[in-house]
Amino acid sequence: MINLQPYSNPIYFVWLAVTLLPLMVGLYFGKRFVVYQTIISGIFLLLIFGGSKWQQGLALIGYIIYQFIVVGGYAAYKKHANKTWVFVSMVSLSIMPLVIVKLTPAIEVGQQSLIGFLGISYLTFKSVQMIMEMRDGTIKKFAPIMFARFLLFFPTISSGPIDRYRRFQHDYVQVPTREHYLEMVAQAVHYIFLGFLYKFILGYFFGTVMLPQIAQVAISHRAAFFHTGISLALIEYMYTYSMYLFFDFAGYSLFAVAASYLMGIETPMNFDHPFKARNIKDFWNRWHMTLSFWFRDFIFMRLTFFIMKHHLIKKRTRIPQAAYLVNFLIMGFWHGVTWYYIVYGLFHAGAIIINDYWLAYKKKNPQLPHNRWTEGLAIFITFNVVCFSFLIFSGFLNTLWFQAR
Amino acid sequence: MNTKQAVIELLEDLTGTDISNNLDDNLFASGMIDSMATVEMLLELQAKFGIDVPVSEFDRSEWDTPNKIIAKVESLV
């Protein structure tokens, strides 16, 4: 049986266009063909997780059943009680499969967990979110079929963007007006072409053409500058990798959003000109937005709320600092249990804390100059700080320092 | 003191700026309020007005200007 990874080659787009067409005709006439959509979703999931990836397919099925028990169980419990320890246990249970998958390669080097599959971390965000919103009372009912549709929505299953249940449900039930749907289709076509440019031209150029060559030169200079490996080629690697990372991931995200739009679902955007950010805070409002907003809403804000409500930290300025550290440390671990992902998280926490000091200083000193030159300088500094963080993130320093022989 | 006045005072305490003439300014876009200030605001609203807004109920686009916040609070009091 064939196996097709999402948005990876032209055949996938042909399949997408052919299978979505009937659905699009339905949406144009104000109808969502639910049965048809379920069938093609099944086909696409089979293409992603079938064939040589059948083990992942089994892991996915097991995972879905498990999350149904956890989330459904919590929903049933929440009807008559609301203990904190039950909530915490359920969140822990929901995260457990991901923790196992992330820890396995760190404990047994290079070993991949049998319960892992493409997209497990994204599905975990969706499941945990359900439990948290049930705790808050914003999701009151456990609707198993809608929950399955939400988890298994195939355009975003492998790498997001991470949608929110209530938003998704609204779009699924409420078919867009014809006028609005036509706008969405036009937008989708635009996104697909932009995605081709990003992922298959620019991403390919930076990632496949340039990066391996630069990596070789940088490795050959690994004894440079007192054996730190700091060389011109390393700096080149930093910028090239940053460009590759952005264009590859933003390109993928554009495809995922476009496919969702064609299906009448307004999956949120993931990127908003991140390299135009004026500071690190601004950057996280523009980079991998659905992830950073998820962290903001379900970790950072909840944690600060908890700390303030229980007066755990006396000094006002220390509260967000502590929350940033926890927030970005978890984000680091989520990327993977390696030193460079964790350092990447800590680096961003440090950058955002320093940025907060600067913003407070600026507020106290309104006489500081503010013009397009200072804004340009701010963008330049932010860009370089971000690119440096991506060099850490790339894992190339690990290769350079500990693996290259 | 009416609700509107109380909310404006709360926001001025929070942002440290006089907002009474800019009730339609976007507080998030201008950086006057961030996630941390949002949490402080929610806790203050709970203490002052007894309204309970869970974090997951908080949709930024519905709370991004002083006028919207006033309207929200008035509807929840």
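Residues numbered from 1 in each chain as written. Chains lettered and ligands numbered in written order. Predicted model: local features only at pLDDT ≥ 70, side-chain atom pairs only at ≥ 80, totals over all residues. Heavy atoms only, no water.

Peer 1: Can you explain the domain arrangement of chain A? Please cite residues and give values.
Peer 2: All names here are of chain A. Domain parsing of chain A yields domain 1 (10-175), domain 2 (176-269) and domain 3 (272-405). Computed over C-alpha atoms only, the centres of domain 1 and domain 3 are separated by 28 Å. Between domain 1 and domain 3, the contact holds 15 residues from the first and 14 residues from the second. Both faces combined, the contact of domain 1 with domain 3 buries some 1,300 Å², and carbon together with sulfur accounts for 64% of it. The largest share of the area that domain 1 buries against domain 3 comes from Lys102, Phe125 and Arg164, three residues that together contribute 42% of it. For the interface between domain 1 and domain 3, the tally reads 2 salt bridges. Put simply, Asp297 and Arg164 hold a salt bridge, and the shortest N to O gap is 3.1 Å. Applying the counting rule to domain 1 against domain 3 returns 7 residue pairs in polar contact (both at pLDDT 80 or more). Of all the secondary structure elements, the ones that give two or more residues to the side of domain 1 that touches domain 3 are α4 (84-107) and α5 (120-136). Top contributing element to the side of domain 1 that touches domain 3 by residue count: α5, with 8 residues. Across the side of domain 1 that touches domain 3, the residue classes break down as 9 nonpolar, 2 polar and 4 charged. (Domains from an automatic or database assignment. Contact = heavy atoms within 4.5 Å. Buried area = accessible area lost by both parts, 1.4 Å probe. Salt bridge = Lys/Arg side-chain N within 4 Å of Asp/Glu carboxyl O. Polar contact = N/O pair within 3.5 Å; in protein donor to acceptor, adjacent residues only side chain to side chain. Helix = DSSP H or I, 4+ residues; strand = E, 2+ residues; numbered from the N terminus. Nonpolar A, V, L, I, M, F, W, Y, C, P; charged D, E, K, R; others polar.)

Peer 1: If you had to explain helix α7 (residues 165-173) of chain A to someone new, which residues and values would you point to?
Peer 2: Residues and elements named next belong to chain A. Inspection of α7 places Tyr165, Phe168, Asp171 and Tyr172 among the buried residues, and these make up the whole buried set. Down the axis, α7 shows its buried residues gathered within 135 degrees of arc, on one side only. On its buried face, α7 is in contact with α2 (34-49), α5 and α6 (144-151). (Buried < 20%, exposed > 50% of the residue type's maximum accessible area, 1.4 Å probe, protein only. Arc of directions from axis to C-beta.)

Peer 1: Before we move on, can you summarise a nonpolar patch on the surface with the specific residues and values?
Peer 2: Residue and element names in this part refer to chain A. A surface patch of nonpolar side chains, amounting to about 550 Å² of accessible area, comprises Ile2, Ile11, Trp15, Val35, Ile39 and Ile43. Secondary-structure elements contributing two or more residues to the nonpolar patch are α1 (10-28) and α2. For the nonpolar patch, the element with the highest residue contribution is α2, accounting for 3 residues. Inspection of the secondary structure assignment puts Val35 in helix α2. (Patch = residues over 30% accessible without salt bridge, like charges linked within 9 Å, V, L, I, M, F, W, Y side chains within 5 Å. Areas by Shrake-Rupley, 256 points an atom, 1.4 Å probe, with all protein chains shown as cover.)

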